[in-house]
Amino acid sequence: MADAAALWVTGPGRCEIRRTALPDLAPGHVRVRAHFSGISRGTERLVFEGRVPQSEYARMRAPFQDGDLPGPVKYGYCMVGTIEAGDASRIGENVFVLHPHQDVFDVPAEAALTLPVGLPPEATPLAAHLETALNALWDFPARIGDRVAIVGLGAVGLCLAKLLAPTPGIELFGMDPSPIARARGGLKDDCPGSCHLVFHCSGSEAGLAQAIALAGYEATIVEMSWYGDAAPRVPLGGAFHSQRLTLAASQVGSVATARRAHYSYGQRLALALRLLAAPAFRLDLGVATRFADLPANYARLLAAQGVSPLPLVAYGDSDV
């Protein structure tokens, strides 16, 4: 019987590594040994701080989550590892799994998605955020000739930028208070306003106000941030009504209506992995934190905006 260790949020602002014995591998399952996981600052910070409203406990369950919100709970969804048991034809295969931070775990074989050729394991945890950005562009596609702004250049904002940048005829801008994030995005930040489409990804009131201010006549502001139990002020005065603006939401929990008949959740994630293999997505994710050191550093990593779009956790002998 194998032994496994996982990060658990035990209460607001508290976490620890808990060890448990894995049962015998079930039929149709594979055992995965982790190499890297990514820390999704937006959602994981709300979980860690106990700021998920009770009304959202069920909807905010992560795949393969153990425990229930508000906690103790095992949470996360950006994992890459290697299959070490199960289907003999897949042993040694590098895979991406929507799984919490854990060093070894069992999942149904179909939940372990094979990494495309050329995709480094350390770049793979970004797949969940690229999937979010992809879904947003299915919800609200940018059209040739549009002026588009992205407010907030964290993991999702950067993925949006990388997807949009090759589109011919689009004038693309990126805003973020962090000079590190702005440099990483490589976008113009001197947006004159009058945008046709604005994606808000900063998770802040100031960012939302900026997104609304950048919108032109009959433009759409796509709100991609989730605020948990907070109630942000939304500036609906000024020119909001006279400009006939639309404030809309996009969220990855459902496949966008425009593609729902053509893509399942698994197919959408597989597409994100194929897109992630492109050289444009070789983002500098910084130095990884050892899994054993994660409880002591988790709060700092969640709060360190701009340092890395997606802080990495390294397991076993994976390079940091």
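Engineer: For this particular structure, what's the right way to read unusual backbone geometry?
Structural biologist: The omega torsion of the bond from L69 to P70 falls at 10 degrees, within 30 degrees of zero and hence cis. Summarising the element assignment, P70 is placed in the loop between strand 4 (66–67) and strand 5 (73–74). Residue P72 is bonded to the preceding G71 through a cis peptide linkage, with omega at 0 degrees. With respect to the helices and strands, P72 occurs in the loop between strand 4 and strand 5. Positive phi, close to 65 degrees, is recorded for F64, a residue that is not glycine.

Engineer: Sorry if this is basic, but what is going on with the side chain of R147 here?
Structural biologist: Mapped onto the fold, R147 is located in strand 10 (residues 147–151). Looking at R147, its side chain comes within polar contact range of the side chain of E171, at 3.2 Å. Apart from the residues lying within four places of it in its own chain, the contact partners of R147 are E171, F173, C191, P192, G193, S194, C195, H196 and L197.

Engineer: Please clarify how the side chain of R41 should be interpreted in this entry.
Structural biologist: Relative to the helices and strands, R41 resides in helix 1 (residues 41–48). Of the side chains with opposite charge, D176 lies nearest to the buried R41, which makes no salt bridge, at 9.2 Å. Within the local environment of R41, its side chain forms a polar contact with the backbone oxygen of S308, the two atoms lying 2.5 Å apart. Apart from the residues lying within four places of it in its own chain, the contact partners of R41 are L301, L302, A304, Q305, S308, P309 and P311.

Engineer: Explain the pattern of salt bridges here, please?
Structural biologist: Pairing is possible between side chains of opposite charge, provided their charged atoms come close. On inspection of all chains with the given rule, the structure shows 17 salt bridges. A salt bridge links E49 to R45; the shortest N-O distance between them is 3.0 Å. Here D229 makes a salt bridge to R51, at a shortest N to O gap of 3.4 Å. Of this pair, D229 sits in the loop between strand 13 (215–223) and strand 14 (246–249) while R51 is found in the loop between helix 1 and strand 4, placing the two residues 178 residues apart along the sequence. Taking relative accessible area as the criterion, D229 reaches 47% and is therefore assigned partly exposed. A cluster of three or more residues bridged by salt bridges with shared partners is formed by R45, E49, R51 and D229.

Rules and cut-offs
- Residues numbered from 1 in each chain as written.
- Predicted model: local features only at pLDDT ≥ 70, side-chain atom pairs only at ≥ 80, totals over all residues.
- Heavy atoms only, no water.
- Helix = DSSP H or I, 4+ residues; strand = E, 2+ residues; numbered from the N terminus.
- Polar contact = N/O pair within 3.5 Å; in protein donor to acceptor, adjacent residues only side chain to side chain.
- Contact = heavy atoms within 4.5 Å.
- Buried < 20%, exposed > 50% of the residue type's maximum accessible area, 1.4 Å probe, protein only.
- Lys, Arg positive; Asp, Glu negative; His and termini not counted.
- Salt bridge = Lys/Arg side-chain N within 4 Å of Asp/Glu carboxyl O.

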